[in-house]
Amino acid sequence: LKEVDLPWHEEDWRGLSEEEQNQKLEEYVKQDRASPFDLSKPPLMRVSLIRRRDDTYMILWTRHHIIVDGWCSPIVFGRFIEGYKTLDAGNPIKYSERRKYRDYIQWIKEQDEQEAEKFWRGELSRYAESTPISSENSQRKEANHGQYRFSLSTGELDALKNFAKANQVTLNTVIQAAWSIVLSRYTQREDVVFGVTVSGRSMDLPGIEGMVGLFINTLPLGVKIDEFESIKSLLQTIQGKMAEINGYSHVSLAKVQTWSHVQSSDNLFDHILVFENYPTKVFSNQMAESKFSYITGVGAKPEYPLVIDIIPEKSLELVFTFRDDHLNIFQIEKISSYFYNVLLNFIKKGDQILFDISLYVHEKDIINLKEKSTKVG
């Protein structure tokens, strides 16, 4: 289809107080999220324009995750701001051409599936089951989602970045290594596997960074923890493994699962790490130069028992979203304190072996963590 009608709805809330507007917005978003898309009817998105004051509007852009991922948000909104500024100046919109998503689909069709299968079978040969961090409460009929978050300070984030740089790895690798240690100790397993998100944009396809579509993927990362291995060695092993995984990150998780020894009725993992590393710099500059002051997003509730979002901005925010039929807030607080302490150990004991890293947090660090944290649900 070259052209489709975009569902567009407008509301005028100027007659309501700010408190009434906020209450109505909460209910409006709740109802909007409960309205499913018909996958047979494009464009699988809709827009609501809400007027809150004479000079203030709110835009609610709702879309199905099958058409765009988080990486696309700054790209799409950047184009929107560019178009708005152009029209506001009385000029016609002339967008630069971007590469089409169909080129990516064609690229996938050209890849060697047998080569991908060989890689993933080798990668997952050690795992006959997942590494469960949660246990399901069979008496619960429905699940609610809770959230726990804490932030590392700007100074702590800078120290982690310097630690990563000194070891010639990415900040994402540092986070994955820390979580591998926590998971190994928490589950008392030397070999652990958990889900990691990849941008899906590392392949050699010119212009892929600016393409709009679904590229993100969630794939298994298996790590063997040797307590007498150095921290640096673990970091380099994980970074090398992720480089290999990125070479086959176009393969769907469903396909990867069929190449593992894990039963088809089970999942390869019950939790995922999401390192948010979107191209926001240009978009932030566009925001600063525009009339738009605040844009936020409300994601869908995850199906995994635990999702850990890592958000590196001025500080490093860690958000634990969990299903309370698998995990409770006390378990999450304990796990997060372990995670925090391992990261602090990396900063303080960067040249040590894993055995020297303690999960347990000193009293002063517990107080510090509680001051940094918030609970929702």
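This one's a predicted model, so the numbers in the text were calculated from it and none came from an experiment.

(A) Representation of helix H6 (residues 171–187) within the structure. Over its 17 residues, H6 runs 24 Å from end to end, which matches the ideal 24 Å to within 8%, given 1.5 Å per residue. Where H6 terminates, the next one or two residues include Gln-188, which has phi positive at roughly 60°.

(B) Structural context of the pairing of strand E1 (residues 8–12). Direction of pairing for E1 relative to strand E2 (residues 45–53): parallel, over a ladder of five bridges. Bridging across to E2, Trp-8 finds its partner in Val-47. Since E1 and E2 lie parallel, the crossover through helix H1 (residues 18–33) that links them has a hand, and here it is right-handed.

(C) The arrangement of the sheet that holds E2 in detail. Strand order in this open sheet of three strands is E1-E2-E3, and the pairing throughout is mixed. Looking at the sheet topology across the chains shown, the edges are occupied by E1 and strand E3 (56–63). The average angle at which neighbouring strand axes cross in this sheet is 15°, direction not considered.

(D) Inspection of the environment of Lys-41 at higher detail. Note on placement: Lys-41 falls in the loop between H1 and E2. A sequence separation of 37 residues divides Lys-41 from Val-4, and the C-alpha atoms of the two residues are 9.6 Å apart.

(E) Region of the structure containing the nonpolar core. Among the nonpolar cores identified, the biggest contains 70 residues, and Trp-120, Trp-179, Phe-320, Phe-339 and Phe-346 are the most heavily contacted of them. With seven residues, the next largest nonpolar core counts Tyr-104, Trp-107, Leu-205 and Ile-208 among its residues.

(F) Here's a closer look at the side chain of Asn-217. Note on placement: Asn-217 falls in strand E6 (residues 217–224). Taking relative accessible area as the criterion, Asn-217 reaches 13% and is therefore assigned buried. A polar contact of 2.9 Å, which involves the side chain of Asn-217, links it to the backbone oxygen of Ser-249. In terms of polar contacts, Asn-217 uses its side chain to reach the backbone carbonyl oxygen of Val-251, at 2.7 Å. Setting aside its immediate chain neighbours within four residues, Asn-217 contacts Val-196, Thr-197, Val-198, Ser-249, His-250, Val-251, Ser-252 and Leu-253.

(G) View of unusual backbone geometry. In this model, Pro-42 is joined to Pro-43 through a cis peptide bond whose omega is 15°. With respect to the helices and strands, Pro-43 occurs in the loop between H1 and E2. Phi is positive for Gln-168, close to 60°, though the residue is something other than glycine.

(H) Molecular detail of the pattern of salt bridges. Applying the stated criterion across every chain yields a total of 16 salt bridges. Asp-54 is the salt-bridge partner of Arg-14, the closest N and O atoms lying 3.1 Å from each other. With a gap of 40 residues between them, Arg-14 in the loop between E1 and H1 and Asp-54 in the loop between E2 and E3 connect regions that are remote in the sequence. We classify Asp-54 as exposed; its relative accessible area is 57%. A salt bridge links Asp-325 to Arg-323, with the shortest nitrogen-to-oxygen separation between them at 2.8 Å.

(I) Seen up close, the layout of surface pockets. Volume-wise, the second largest pocket comes out at about 1400 Å³. Every residue lining the second largest pocket is counted, 32 residues in all, and those nearest its centre are Pro-43, Met-45, Val-68, Val-76 and Val-212. At the level of elements, E2, E3, helix H2 (72–88) and helix H3 (101–109) are the ones that each hand at least two residues to the lining of the second largest pocket. In terms of residue class, the lining of the second largest pocket is made up of 21 nonpolar, three polar and eight charged.

(J) Here's a closer look at the packing of helix H5 (residues 154–166) against helix H10 (residues 329–348). In contact at an axis separation of 9 Å, H5 and H10 are set at 60° when each is read in the N-to-C sense. Comparing the axis directions of H5 and H10 gives the class oblique. With respect to the hand of their crossing, H5 and H10 are arranged in left-handed fashion. For the pair H5 and H10, contact is made by Glu-156, Ala-159, Leu-160 and Phe-163 and by Tyr-340, Leu-343, Leu-344, Phe-346 and Ile-347, respectively. A class-by-class count of the residues in the contact of H5 with H10 yields eight nonpolar, no polar and one charged.

What counts as what
- Residues numbered from 1 in each chain as written.
- Predicted model: local features only at pLDDT ≥ 70, side-chain atom pairs only at ≥ 80, totals over all residues.
- Heavy atoms only, no water.
- Helix = DSSP H or I, 4+ residues; strand = E, 2+ residues; numbered from the N terminus.
- Expected span 1.5 Å × (residues − 1).
- Pairing = 2+ DSSP bridges.
- Right-handed = clockwise from strand over helix to strand, strands pointing away.
- Axes fitted to C-alpha atoms, helices over the stretch in contact; angles between N-to-C directions.
- Core = buried A, V, L, I, M, F, W, Y, C linked by side-chain atoms within 4.5 Å.
- Buried < 20%, exposed > 50% of the residue type's maximum accessible area, 1.4 Å probe, protein only.
- Polar contact = N/O pair within 3.5 Å; in protein donor to acceptor, adjacent residues only side chain to side chain.
- Contact = heavy atoms within 4.5 Å.
- Salt bridge = Lys/Arg side-chain N within 4 Å of Asp/Glu carboxyl O.
- 1 Å grid on protein atoms, 1.4 Å probe; cavity = no way out; pocket = protein on both sides within 12 Å on 5 of 7 lines; lining within 4 Å.
- Points joined across faces, edges and corners; volume = space filled by probe spheres on them.
- Nonpolar A, V, L, I, M, F, W, Y, C, P; charged D, E, K, R; others polar.
- Parallel < 35°, antiparallel > 145°, perpendicular 65-115°, else oblique.
- Left-handed = near helix turned anticlockwise from the far one by under 90°.

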